[in-house]
Amino acid sequence: MPAVPSGRVHNLINIGAYSVLAAGTLYATRQHLVTVTPAQAMNFTLAFTVGTFLLSPDLDLAEGRVDSKRHWGLLGFLWVPYGMLFSHRGLSHTWILGPLTRLAYLAFMTVLIVGLLRTVWPEFPLPRLLEPVSMKLLLPFALGYYLSQWLHLIADGVRPDHGVRRGYRKLRR
Ligand SMILES: [Zn+2]
């Protein structure tokens, strides 16, 4: 197995790639080659940042000490079950499903915590679901998130055909 970049190296790679992409997009916009609205740029940036610093594939190590868990501060412990459930560089490091496992886990944890809070404090306000979001804004969000994940996987030397089957087997183990 090749040497795996540390969390800090991953962050630097992602920040570097973002800078190049942002400069390129700015240039292309000036040249009227593409049109990017400020809202689209913001959604992309937000998702890319969250994907880089808070939802890194290396959360599969959250049962121990890992950079991406530390970024959650006091809430870092919430990722410990994820780290125990997913073996390092298994399903969590696949190209399509991997990033979805973290979103699903986050959604599950949110529902669980809100549910717990509601039993203790029935008046606890339910998080209002976002207004129906248009595809135009959802797409940059998905792009930003997935790009942040894929840069991590590329840096890890994980190929797009990284065995989903192998990931499942490891998950069950
Ligand atoms: Zn990794």
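Keep in mind that what you see is a predicted model, and the values were worked out from it rather than measured.

**Topic: the overall build of the chain**
No. 1: The secondary structure content of the chain amounts to seven helices and zero strands.
No. 2: Counting across all 173 residues of the chain, residues that qualify as buried make up 23%.
No. 3: For the chain, restricting intrachain contacts to residue pairs at least 6 apart in sequence, the fraction spanning at least 24 positions comes to 67%.

**Re helix H1 (residues 7–30)**
No. 1: When the terminal C-alpha atoms of H1 are compared, their 34 Å separation across 24 residues agrees well with the 34 Å that a helix rising 1.5 Å per residue should span.
No. 2: Once H1 finishes, His32 follows within two positions and takes phi at roughly 60 degrees, a positive value.

**Here's the deal with the environment of Gln149**
No. 1: Tracing the chain through its elements places Gln149 in helix H6 (residues 135–156).
No. 2: Residues Gln149 and Thr94 lie 55 residues apart in sequence; the distance between their C-alpha atoms is 9.5 Å.
No. 3: If we ignore the near neighbours within four places in the chain, the residues touching Gln149 are Gly51, Pro57, Gly98 and Pro99.

**Looking at the nonpolar core**
No. 1: Counting nine residues, the largest nonpolar core consists of Leu55, Leu59, Leu61, Ala62, Val66, Trp79, Tyr82, Phe86 and Leu91.
No. 2: If we ignore the near neighbours within four places in the chain, the residues touching Trp79 are Leu59, Ala62, Lys69 and Trp72.
No. 3: Ranked by size, the runner-up nonpolar core spans five residues in total, among them Phe44, Ala47, Phe48 and Phe141.

**Quick look at the packing of H1 against H6**
No. 1: Relative to each other, H1 and H6 sit at 125 degrees, their axes nearing to 10 Å. Here H6 runs oblique to H1, going by the angle between their axes. In terms of crossing hand, the pair formed by H1 and H6 is right-handed. On H6, the residues touching His10, Ile13, Asn14 and Ala17 of H1 are Ser148, Leu151, His152 and Ala155.
No. 2: When grouped by side-chain class, the residues that make up the contact of H1 with H6 number four nonpolar, four polar and no charged.

**Section: the UniProt feature "transmembrane region" (unreviewed entry) in the chain**
No. 1: According to UniProt, the "transmembrane region" (unreviewed entry) feature falls on residues 12–29, 71–91, 103–121 and 133–155.
No. 2: Helix makes up 100% of residues 12–29 and strand makes up 0%, while its end C-alpha atoms are separated by 25 Å.
No. 3: Span residues 103–121 is 95% helix and 0% strand, its end C-alpha atoms 26 Å apart.

**What about unusual backbone geometry?**
No. 1: Even without a glycine there, the phi angle at His32 is positive, about 60 degrees.
No. 2: Here His32 is to be found in the loop between H1 and helix H2 (38–53).
No. 3: At Arg89, a position not held by glycine, the phi torsion is positive, near 65 degrees.
No. 4: Looking at the element boundaries, Arg89 is found in the loop between helix H4 (80–85) and helix H5 (97–120).

What counts, and at which threshold
Residues numbered from 1 in each chain as written. Predicted model: local features only at pLDDT ≥ 70, side-chain atom pairs only at ≥ 80, totals over all residues. Helix = DSSP H or I, 4+ residues; strand = E, 2+ residues; numbered from the N terminus. Buried ≥ 20, exposed ≤ 12 C-beta atoms within 10 Å, placed from the backbone. Contact = placed C-beta atoms within 7 Å. Expected span 1.5 Å × (residues − 1). Core = buried A, V, L, I, M, F, W, Y, C linked by C-beta atoms within 7 Å. Axes fitted to C-alpha atoms, helices over the stretch in contact; angles between N-to-C directions. Parallel < 35°, antiparallel > 145°, perpendicular 65-115°, else oblique. Left-handed = near helix turned anticlockwise from the far one by under 90°. Nonpolar A, V, L, I, M, F, W, Y, C, P; charged D, E, K, R; others polar. UniProt positions renumbered as here; feature names shortened; annotations may be inferred.

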